Amino acid sequence: MIGFEQAGFSYGQDRILSDVTLDIAPGSFHFLTGPSGAGKTTFLKMCYLALRPTDGRMQLFDRDVMTFDRNDVALTRRRIGVMHQNCVFLDHLTLRENVVLPLQVAGRVGPEVERDLDDLLDWVGLASRAYALPPELSGGERQRAALARAVISAPDIVLADEPTGNLDWAMAERVLRLLVELNRLGKAVVIATHDMNLIRTAKADVNARVLRLARGRLQMAGADL
Ligand SMILES: Nc1ncnc2c1ncn2[C@@H]1O[C@H](COP(=O)(O)OP(=O)(O)OP(=O)(O)O)[C@@H](O)[C@H]1O
């Protein structure tokens, strides 16, 4: 699904990732951890084609990413849902309108989508907040709205960058549970996080692989987690 072979990434002269060899299989669950600035966001950006490796090889859905033209990138991104670290919403649109925006941009709205949207808002526990404006939402509501927006296109992969960063534990667990449910529905999930508690909690429920990024290298974390 996402395959890296001796892949690396540099911002100009600054080498961030080296020699990454990894396969993210359909339906798998990965945590990505490591110190601040280690390159977790950079790695996720490669996974959703915002960046391409500057060396080595990377495949996405069985195709070498270097062969993707703009159209391929746009089509492929629809198969990847992203919860960004600081998710941005359009403040003049309701939560419901913000969540459906990716489909609207892709010209894919209709009565069926409206139904799916209601189901999705219900699933994330935001049905009663559907017509609220983003500035009126709490941190936990924003994160769940970000998750709904990430999955509105029914992606095969869900990437989440610090999805529980500013949340209290009860809300963090709630967001985690939603991500675990998505994985049970067959989606590959990758979560970048500093929160070891979150990783331990998830490991009780899912067969998650923990990857640690440090000094530009990606390693499998030990069993002490
Ligand atoms: N667009 C950019 N141009 C140049 N350097 C960048 C760019 N984006 C990130 N960096 C640098 O790359 C390194 C890795 O950043 P990245 O955001 O991927 O780390 P991270 O592990 O996600 O950090 P955090 O946990 O703090 O979010 C950092 O040193 C950062 O300053």
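Quick caveat, the model's predicted, so the values are computed rather than measured.

### Let's talk about the pattern of salt bridges
Opposite charge on two side chains lets them pair, provided their charged atoms get close.
Link 1 in the chain: A full pass over the atoms with the stated rule returns 8 salt bridges.
Link 2 in the chain: The partner of Arg217 in a salt bridge is Asp19, and the shortest N-O contact between them spans 3.5 Å. Taken together, the residues Arg217 in strand S10 (residues 217–220) and Asp19 in strand S2 (residues 14–24) connect sequence positions 198 residues apart.
Link 3 in the chain: Of the charged contacts in the structure, one is a salt bridge between Arg79 and Asp156, with a shortest N-O distance of 2.8 Å.

### Overview of helix H6 (residues 169–184)
Link 1 in the chain: Its 16 residues place the ends of H6 22 Å apart at the C-alpha level, agreeing with the 22 Å of an ideal helix rising 1.5 Å per residue.
Link 2 in the chain: Looking at H6, one finds that the buried residues are Met171, Ala172, Val175, Leu176, Leu178, Leu179, Val180, Leu182 and Asn183.

### Overview of the packing of aromatic side chains
Link 1 in the chain: Following the criterion strictly, the structure yields 3 aromatic pairs and no others.
Link 2 in the chain: Between Phe9 and Tyr11, the ring centres sit 4.8 Å apart and the planes meet at 80°, which makes this aromatic pair edge-to-face.
Link 3 in the chain: Accessibility expressed as a relative area gives 6% for Phe9, which makes it buried.
Link 4 in the chain: The exposure class assigned to Tyr11 is partly exposed, which follows from its relative accessible area of 38%.
Link 5 in the chain: Taking 5.4 Å as the distance between ring centres and 50° as the angle between the ring planes, the aromatic pair formed by Phe29 and Phe31 counts as tilted. By the burial criterion, Phe29 is buried, and Phe31 matches it.
Link 6 in the chain: When the ring centre of Phe61 is taken as origin, the NZ or CZ atom of Arg79, which lies over that ring, is 3.7 Å away.

### Side note on the packing of H6 against helix H7 (residues 196–203)
Link 1 in the chain: For the pair H6 and H7, interaxial distance at closest approach is 11 Å and the crossing angle is 45°. Between H6 and H7, the interaxial angle falls into the category oblique. Regarding H6 and H7, the two cross each other, and that crossing is right-handed. Packed against H6, whose contacting residues are Trp169, Ala172, Glu173 and Leu176, the element H7 presents Asn197, Leu198, Thr201 and Ala202 at the interface.
Link 2 in the chain: When the residues that make up the contact of H6 with H7 are grouped by side-chain class, the tally is 5 nonpolar, 2 polar and 1 charged.

### Quick notes on the sheet that holds strand S7 (residues 157–161)
Two strands in a sheet stick together by hydrogen bonds in their backbones, pointing the same way (parallel) or opposite ways (antiparallel).
Link 1 in the chain: With mixed pairing, 6 strands are arranged side by side in an open sheet as S6-S7-S8-S3-S9-S10. Every interior strand has two partners, whereas the edge strands, strand S6 (80–83) and S10, have only one. Strand-to-strand twist of the sheet, defined as the mean angle between neighbouring strand axes without regard to direction, takes the value 20°.
Link 2 in the chain: Here S6 pairs with S7 via 4 bridges, running parallel.

Each value, and the rule that gives it
Residues numbered from 1 in each chain as written. Predicted model: local features only at pLDDT ≥ 70, side-chain atom pairs only at ≥ 80, totals over all residues. Heavy atoms only, no water. Salt bridge = Lys/Arg side-chain N within 4 Å of Asp/Glu carboxyl O. Helix = DSSP H or I, 4+ residues; strand = E, 2+ residues; numbered from the N terminus. Expected span 1.5 Å × (residues − 1). Buried < 20%, exposed > 50% of the residue type's maximum accessible area, 1.4 Å probe, protein only. Phe/Tyr/Trp six-rings, centres within 6.5 Å; stacked < 30°, edge-to-face > 60°. Lys NZ or Arg CZ within 6 Å of the ring centre and 35° of its normal. Axes fitted to C-alpha atoms, helices over the stretch in contact; angles between N-to-C directions. Parallel < 35°, antiparallel > 145°, perpendicular 65-115°, else oblique. Left-handed = near helix turned anticlockwise from the far one by under 90°. Contact = heavy atoms within 4.5 Å. Nonpolar A, V, L, I, M, F, W, Y, C, P; charged D, E, K, R; others polar. Pairing = 2+ DSSP bridges.

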